Amino acid sequence: MSDEDSSADVERIERTDIGTSMEARLKRGTGTRDEDQVTIKAKGEDAKHTIDEFYKLLAEYDDKISDQLRGIQPEKSDS
């Protein structure tokens, strides 16, 4: 197979990102065993769409995930 034949099998793809993204990192607690860290990322076609998506994800975290994380606590020893 010549170089010319092998280059015909190569597919080139150009990637272009369009839109906006937003990221927030949340940390709850200060102790090693009482700390939660969460990163929420949103992407959208424009800033308004991205902000709307971000608040939707934040509300979902607040309603569902945060309670689950708070419920997972290490057992306290009596000593």
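Below, the structure is looked at part by part. Just so it is clear, the structure is predicted and the values come from calculations on it, not from any experiment.

With respect to a nonpolar patch on the surface
For step 1, the next point in the chain: Among the surface-exposed residues, Met 22, Ile 51 and Tyr 55 lie close enough to one another that they form a single nonpolar patch of about 280 Å² accessible area.
For step 2, the next point in the chain: Mapped onto the elements of the fold, Met 22 is located in strand β1 (residues 20-31).
For step 3, the next point in the chain: Its relative accessible area of 31% is what places Met 22 among the partly exposed residues.

Some remarks on the pattern of salt bridges
For step 1, the next point in the chain: In the structure shown here, the tally under the stated rule is three salt bridges.
For step 2, the next point in the chain: For Glu 23, the salt bridge goes to Arg 25, with nearest N and O atoms at 2.7 Å.
For step 3, the next point in the chain: Its relative accessible area of 41% is what places Glu 23 among the partly exposed residues.
For step 4, the next point in the chain: Relative accessible area serves as the criterion here: at 67%, Arg 25 is assigned to the exposed category.
For step 5, the next point in the chain: Of the charged contacts in the structure, one is a salt bridge between Lys 56 and Glu 53, with a shortest N-O distance of 4.0 Å. In this pair, Lys 56 and Glu 53 both sit in helix α2 (residues 47-71), three residues apart, roughly one turn of the helix.

What counts and what doesn't
Residues numbered from 1 in each chain as written. Predicted model: local features only at pLDDT ≥ 70, side-chain atom pairs only at ≥ 80, totals over all residues. Heavy atoms only, no water. Patch = residues over 30% accessible without salt bridge, like charges linked within 9 Å, V, L, I, M, F, W, Y side chains within 5 Å. Areas by Shrake-Rupley, 256 points an atom, 1.4 Å probe, with all protein chains shown as cover. Salt bridge = Lys/Arg side-chain N within 4 Å of Asp/Glu carboxyl O. Helix = DSSP H or I, 4+ residues; strand = E, 2+ residues; numbered from the N terminus. Buried < 20%, exposed > 50% of the residue type's maximum accessible area, 1.4 Å probe, protein only.

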